[in-house]
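A structural walkthrough
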Amino acid sequence: MIMGSNIFDFSSVTRPFHEWLLENLSPGLTMTIEWSIIGLILILFAAISVMALVYLERKVAAFFQLRLGPMRVGPWGLFQVVADFLKLLMKEHIMNKEADKFLFNLAPFIIVTAAFLGLGTIPYALGLHIFDINIGVFFITSVSSIGVLGILLGGWAGNNKYSLIGALRSGAQVVSYELSVTLSILAIIVFTGSLQLSEIIESQANGWWIFKGHIVAWIAFIIFLIAGTAETNRGPFDLAEAESELTAGFHTEYSGIKFAMFFLAEYVNLFIIAAVGATVFLGGWMPFHIAGLDTFNGIMDYIPSILWFFGKVFMIILIIMWFKWTFPRLRIDQILILEWKYLLPINLVNLLLAAFLVLKGWHF
Amino acid sequence: MGKTATKSEMKTQEYFINMGPQHPSTHGVLRLVLELDGEIIKQVIPHIGYVHRSIEKMCEFDNYRQIVHLTDRMDYLSSHMNNEAVCLLVENALEIEVSDRVKVIRTIFSELTRLASHQLWWGVMGMDMGALTSFLYGFRDREMINDIFEETCGARLTMNYNVPGGVMFDLHDNFIPRVKKFVTHFKTKLPEYDNLLSDNVIFRERTEGVGYLSKEDAINFACTGPMARASGISNDIRKHKPYSAYDRVEFKEITSEVGDTFARYKMRILEMWESLSIIEQLIDNIPEGEIQAKTNALIKLPKGEFFQSVETARGELGVYAVSDGGKSPYRMKFRSPGFSNMFALDKMARGSKIGDLVAMMSTIDLVVPDIDR
Amino acid sequence: MDNEKLKSLIESWEPEAEVSFEGLQFLTVVVSPDKLHPLAEKLRNDAQTNFNFLTCLSGADYKEYMEVVYHLRCQETFEEMVLKAKIPTRVKPEVSTVCDIWWAAEWHEREAYDLFGIVFLNHPDLRRILLDDDWEGYPLRKDYDDPVNVVRY
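The present account deals with the structure reproduced in this document. (Residues numbered from 1 in each chain as written. Chains lettered and ligands numbered in written order. Predicted model: local features only at pLDDT ≥ 70, side-chain atom pairs only at ≥ 80, totals over all residues.)

**Quick word on the nonpolar core**
Membership of the largest hydrophobic core comes to 241 residues, with the highest contact counts inside it found for Ile272 and Ala274 of chain A. Here the element with the most residues in this core is helix α12 (residues 256–282) of chain A; it accounts for 18 residues. (Core = buried A, V, L, I, M, F, W, Y, C linked by C-beta atoms within 7 Å. Buried ≥ 20, exposed ≤ 12 C-beta atoms within 10 Å, placed from the backbone. Helix = DSSP H or I, 4+ residues; strand = E, 2+ residues; numbered from the N terminus.)

Structure follows, in structure tokens:
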């Protein structure tokens, strides 16, 4: 089955524009203009989505905690995030006298850059895919690991003892959990046989991998959720911050816009993890299809693909937020034990099982 | 470039961290100097006294009615019990017979205060462990108790409801129905507490087997309250030296032999059930009677020494007063439960991790003004 | 064990001790500072007395002499008694520490040192506990005067 013809293809907008530019301008200039537009849109998108996520987080937290959350600024407190952001912008930059100034200022940029690199490769909808390289999954997992460098630098350069402990914790944690994130995605890659995100999505036209991949996909998905939460340093794995232990962990010394950058990166990373999970396990922008039911599939195609994508991302983000507002924090040794003694072996066996299924051709 | 150090030349150094005086989980202004080896704690050196307000010195200038008002600034979460301790001391010294009504009212108030204190502790314990939601759950139920207090005596936290010889006002008409409503409400909510924290796998993993305090050590450190009872010591003042109406109610003294962080946690959860049962036994038969016995406006204690202990939410509060026959005590000493319990922290924390320390401090249930006085 | 028996027991251990209980809340033993440590050790370790719980340790200033008051309790039977060390001088009051007998005494003794200036010999860590390290004077002494912070009325 080929992908549904009713799905709105965003390339029908972008391609004529690209051709029109090419007709009038030189190819080099075309490229420059296109990349600047894309860059602008990405920054805007990141800013808006982070604001939305912060608002969502506060409302979700409020829902779990039997309160209303922000209600004063704007209708239902919608502009609270804007006000918070303005406050952060206007705050003073405070730096420890003994801090390593260059690294201290560099750390937030590294962490934000790593986050943005990941945003570029995600397929948002059919045809709305900035950077469709054939090693998409590999690219995302590698750039997301640059982020830990920012955390380590930020924790070290601030010359604060809490920050250093936070940075050390996060170094151990993120590096370990990256293994699990990658391996759990790999289990699906075995089914698809491709690292290219667009191909992974197309392979799910007759059903998402979470339904097609038997128990293997479920195990991989659950491990992905756990490891993804840990990789983004969110509760119950927020050891690098660990408010009640290390005051604010690795960003204790940061204030104002630099702190805002850490904040931004945290939520962008959350979005990326959710987006990768949605793409690999839940079909990305691919509507809910059941092989054989063509009418049903046709109806599903009328729902815009961008809605499918963001709906799935929203669901995963909600689950991750649910974790954060329910569970107590783990201890550092427990986090490492969980990864190296449980998740990693399970993952490896799972991968083997996936390979066996593919070898026998038992998947759909 | 200097030459690279060989392994034998390399030295490791202990990592010292100042936890506090401003820190989210020291619950006030307590300063702990941690000596760390990586994540592992080698020593905890507590520095206290940041909120020392010289209450003992102030007592030497105040009369006994005024002293009652000072005491609820010590352990503000068990303010009613603190007031009661001084009032009982005065009443016993002057041999004033308070009416049964007062005794029962005081007992109900004490248990409500204990519940409120434990609810707050439970919320904060969750927050210290990183489960932020429990904080709001604890406060939701605590709010009901505070409203009840507010209605009867006008204050929510530092109530000053006790006066030597009785209580300040009679109960509000709404008191009994509201307390009953609270008891039925909280009986459905306490299992929720268990669902959210006690039965959580992560919570269990983090609390079981850490922060061990043996029975011998607990006695040696003079630990009291739920912390001591978790180590197997039976030292509930309500049981062993009953005061007010505790001799006429049935309740179990909860003890455990385990002595770890989870045992200390569980003590307080079970204690809440006992407090509910005490309230239930008393609320329906509050005897009629005077709410204040006759006392002189200016109370003068006979010459001598007096000691009175009560069981607060944190443990035994002892009041030691030396009187020279005047209107103020010659010497007043408060044996606060937190002071002794806090001292055991170093012993408990050695060898565990920073995260464990935070959990341990929660189970000691610190109220820093109580330690510093 | 009743007070009568306890009294004779303590007197047999320490003939110079003043033991009294009539008209008092607890049986009270007053000893001189140099006799305190051996008696405390006996009270703690002897199976008959077994006062293993130091409820409270307080200093007191009586203008001519100073006292350290130990409220003791047997954890098993909940029997209680008071042990007092009467220090005849206020200039440099010294008494042996009991924190090797009851660990709990360590902080209480630091507090008594802090507020009364009573020096506990052989104490492992005798520093001020509640006040600043550079505080002058001992606030709970009766002759302590701080015209700025202490309000008299």
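**Let's talk about the sheet that holds strand β2 (residues 27–31) of chain C**
Strand pairing within a sheet occurs via backbone hydrogen bonds; the two strands may be parallel or antiparallel. Residue and element names in this part refer to chain C. Spatially, 5 strands are ordered β1-β2-β5-β4-β3 in an open sheet, and the strand pairing comes out mixed. Edge positions in the open sheet fall to β1 (18–20) and β3 (53–61), since each of these has one partner strand only. Direction aside, neighbouring strands of the sheet carry axes that sit 15° apart on average. Bridge count between β1 and β2: 3 bridges; the pairing is antiparallel. Directly across from Glu18, in β2, lies its bridge partner Val30. Contacts from helix α2 (residues 33–45) reach β2, β4 (66–73) and β5 (80–87) within the one sheet, and its direction differs from that of β5 by about 160°. Relative to the sheet, helix α3 (residues 105–116) contacts β3 and β4, its axis offset from that of β3 by approximately 10°. (Pairing = 2+ DSSP bridges. Axes fitted to C-alpha atoms, helices over the stretch in contact; angles between N-to-C directions. Contact = placed C-beta atoms within 7 Å.)

**Section: the pairing of strand β3 (residues 40–47) of chain B**
Residue and element names in this part refer to chain B. Of the strand pairs in this sheet, strand β2 (residues 31–37) and β3 are connected by 7 bridges, and their pairing is antiparallel. Looking at the pairing, Leu32 lines up with Pro46 of β3. Joining the antiparallel neighbours β2 and β3 is a turn of 2 residues, in which Gly38 adopts a positive phi near 70°.

**Side note on the sheet that holds strand β7 (residues 316–323) of chain B**
Residues and elements named next belong to chain B. Read across the sheet, 3 strands follow the order β6-β7-β8 without closing on themselves; strand pairing throughout is antiparallel. Where the open sheet ends on each side, the last strands, each with one partner, are β6 (304–311) and β8 (331–335). Across the sheet, the mean angle from the axis of one strand to that of its neighbour is 10°, orientation sign disregarded. Strand direction decides the pairing type here: β6 and β7, joined by 8 bridges, are antiparallel.

**Observations regarding the interface of chain B and chain A**
Each side of the interface is counted separately: chain B has 25 residues, and chain A has 22 residues. Along the lines of polarity and charge, the residues of the side of chain B that touches chain A split into 11 nonpolar, 7 polar and 7 charged. (Nonpolar A, V, L, I, M, F, W, Y, C, P; charged D, E, K, R; others polar.)

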